[in-house]
Amino acid sequence: MSGGGLWLPNNPLMKRARVADSREAALDYMEASIGDVGRTTSRARKEAFVDSVDDFVTTAEKYGVTFVRAAEYPDYYPELPGGRIGRAIEVKPLDSKLLGEWYNTLRLTAPLPIKTDDVWLIQRAWSTLAGFRRGARLVFRMLGFVLTGKRGVGIGAAFATAMFLATVEKGGAKLWLDSPVEELLTDGDRIVGVRITRDGRTQTIGAHRGVMLAGGGFDHNTQMRLEHHGIEGDSSGNPGNVGGPIRLARDTGAAMELLDDAWWGASVAGVDGGDPSFIMGERALPYCIIVDQKGDRFANEAESYVDLGHHMLKHDKDGAYWIIGEARHAHRYMRTYAIDPRKNKALAAAGMIAKAGTIEELARKIGMEPGRLRATVEHFNGFARAGVDDDFARGKSAYDRYYGDPTVVPNPNLGPLEKGPFTAYRVVIGDLGTKGGVVTDEFGRALREDGSVIEGLYAAGNNSASVMGRTYPGPGSTIGPAAVFGIRAARHMASLG
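1. Some points on the overall build of the protein chain
Along its length, the protein chain carries 16 helices and 20 strands. Computed over its C-alpha atoms, the radius of gyration of the protein chain comes to 23 Å, within 12% of the 23 Å expected for a compact globule of 497 residues. Per-residue burial over the protein chain gives 56% buried out of 497 residues. Look at the contacts in the protein chain between residues 6 or more apart in sequence, and 73% of them connect residues 24 or more apart. Taking the average location of the 61 positive side-chain charges in the protein chain and that of its 61 negative ones, the two points are 6 Å from each other.

2. Digging into the pattern of salt bridges
If the charged atoms of two oppositely charged side chains come close together, the side chains can form a pair. In the structure shown here, the tally under the stated rule is 33 salt bridges. We note a salt bridge from Lys-46 to Glu-31, for which the minimum N-O separation is 3.4 Å. Placement of the pair is Lys-46 in helix 3 (residues 43-51) and Glu-31 in helix 2 (residues 23-33), with a sequence separation of 15 residues. For Lys-46, a relative accessible area of 1% corresponds to the buried category. Judged by relative accessible area, Glu-31 falls into the partly exposed class, the value being 28%. For Arg-39, the salt bridge identified is with Glu-257, shortest N-O distance 2.9 Å. Of this pair, Arg-39 sits in the loop between helix 2 and helix 3 while Glu-257 sits in strand 11 (residues 256-257); the two residues are 218 residues apart in sequence, bridging distant segments of the chain.

3. Re empty space enclosed by the protein
Applying the stated criterion across every chain yields a total of 2 cavities of 30 Å³ or more. Volume-wise, the largest cavity comes out at about 120 Å³. Gly-461, Ser-464, Ala-465, Ser-466 and Pro-481 are the residues nearest the centre of the largest cavity, which is lined by 18 residues in total. Residue composition of the lining of the largest cavity, by class: 8 nonpolar, 8 polar and 2 charged. Along its surface, the second largest cavity is lined by Met-1, Ser-2, Arg-107, Leu-108, Thr-109, Ala-110, Ile-155, Gly-156 and Ala-157.

4. Things to note about the nonpolar core
One broad trend across soluble globular proteins is that nonpolar side chains are buried collectively. Within the largest apolar cluster, 81 residues are counted, with the highest numbers of intra-cluster contacts made by Leu-6, Leu-8, Phe-49, Phe-56 and Phe-67. With 8 residues, the single largest contributor to this core is helix 7 (residues 155-170). Excluding its chain neighbours within four sequence positions, the residues that come into contact with Leu-8 are Met-14, Phe-49, Val-53, Phe-56, Val-57, Arg-87, Ile-89, Gly-480 and Val-484.

5. Considerations on the packing of aromatic side chains
Two aromatic rings are characterised by how far apart their centres lie and by the angle between their planes. Enumeration over the complete set of coordinates arrives at 17 aromatic pairs. Centre to centre, the rings of Tyr-73 and Tyr-403 are 6.1 Å apart; their planes meet at 85°, and the pair counts as edge-to-face. Pair noted here: Tyr-73 is in the loop between strand 2 (67-69) and strand 3 (88-91) and Tyr-403 is in the loop between helix 15 (398-402) and strand 17 (422-434), with a separation of 330 residues, a long-range link. In terms of burial, Tyr-73 and Tyr-403 fall into one category: buried. A ring pair is formed by Phe-298 and Tyr-321, whose centres lie 4.9 Å apart and whose planes are at 50°; its orientation type is tilted. Residue Phe-298 is located in the loop between strand 14 (288-292) and helix 10 (305-316), and its partner Tyr-321 is located in strand 15 (residues 321-325); the two are separated by 23 residues in the primary sequence. Taken together, the ring pairs connect Tyr-73, Tyr-76, Trp-263, Phe-278, Tyr-305, Tyr-399, Tyr-402, Tyr-403 and Tyr-472 into an aromatic cluster. Positioned over the ring face of Phe-485 is Arg-45, at 4.5 Å from the centre of the ring. Sitting over the face of the ring of Tyr-103, Arg-151 holds its NZ or CZ atom 3.5 Å from the ring centroid.

Criteria and thresholds
Residues numbered from 1 in each chain as written. Predicted model: local features only at pLDDT ≥ 70, side-chain atom pairs only at ≥ 80, totals over all residues. Heavy atoms only, no water. Helix = DSSP H or I, 4+ residues; strand = E, 2+ residues; numbered from the N terminus. Rg over C-alpha atoms; globule rule 2.2 N^0.38 Å. Buried < 20%, exposed > 50% of the residue type's maximum accessible area, 1.4 Å probe, protein only. Contact = heavy atoms within 4.5 Å. Lys, Arg positive; Asp, Glu negative; His and termini not counted. Charge placed at Lys NZ, Arg CZ, Asp CG, Glu CD. Salt bridge = Lys/Arg side-chain N within 4 Å of Asp/Glu carboxyl O. 1 Å grid on protein atoms, 1.4 Å probe; cavity = no way out; pocket = protein on both sides within 12 Å on 5 of 7 lines; lining within 4 Å. Points joined across faces, edges and corners; volume = space filled by probe spheres on them. Nonpolar A, V, L, I, M, F, W, Y, C, P; charged D, E, K, R; others polar. Core = buried A, V, L, I, M, F, W, Y, C linked by side-chain atoms within 4.5 Å. Phe/Tyr/Trp six-rings, centres within 6.5 Å; stacked < 30°, edge-to-face > 60°. Lys NZ or Arg CZ within 6 Å of the ring centre and 35° of its normal.

Dropping the structure here:
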């Protein structure tokens, strides 16, 4: 379901391309962007992450995984010490027919051979030459798969496919679906196996070296969301993420951190139980703003999505937000949240979309004071003409400009809201998953509150507390650490004999 990127600083692909990076720069950047917010962001864990990047990449390549760089994607705070452009990698689009019947179990959001760097360019495919060229390249890539009898997939689906082929097909691992873990089995203080339910029957599986928890966060557990976040949540994470592994680990005495946090961001609301649409680059493009229910801007719309999410939570956790764009925003750019006409119809019927010929008329339709929204727009338009956002510095960072439109000057992220019709979409606080869970050491071993190790229990991914702390240093900051601490845990288990 994901973008499939892995943020892996100083990775082998960078070295092969002679792109400047280093262990020291990576650690400097992690310290500057993440800081120290608890045991999970310790210096030892940061060093363990950076030092095992090569091991994960080269081991995956040995088992047939082909990676490519997202060469133009910057870190999310590239101006900080150690910041770089091009640290993310992803799996090269591949033929999902290699999965055979397993393909039917793959949860797909975009069954296309698309790459990360395609996304930001394609959204302006009919407004810039570079965007048009990238769109044409994607079309030819799709045709290449079709004409050779292949079924191309990219981003998250490519990563899932490649890792399945590496671990199950080549590595000989067994994969059991629909086999939930009901209990962690203990012998004294050590975890020695699990009890599962499979095909309606209870089974016990022993673990000589260890049990790895890698079952995601609690994105879709309403009770846990209310308890730890204070909101039910509008998550774009996997519906199967309901917090089971976290509860199991907590019951065995594992320490927890960051349960109150998530990989936040702004989303267009879903309707009648439908999924929200996570807003990526559209909010950074010119000719749009995001405002609260009073009609005021409150943050840099183009900033890292987790920062925008935090600002929404701090500004008004329960309030309404709106992304407002003018005609050029709608006509020049592909807005992923606005593609589906059926969803648009449902949103409009629910009062979550409004369109009007003037800002004042739009304000009345979405319950704002017209004069206040007009004042906000005029204030912003002044920044757009000058090219400098004096309120929130939109367009100052290279990260902002990555998603901007270089044909718009003097600032690729700013464009005045002047031409009707004007459109407003209701925006909610969304996320890509939760980021809190089991506290682990540099080997992925679960720890108790007193810092002692729970022998035989390991965790990685979103059911563990993230080494990235309360921020999002770069594209792929969820999957990158999940992969690296996964292999570190595996190496440690193997060393036990």
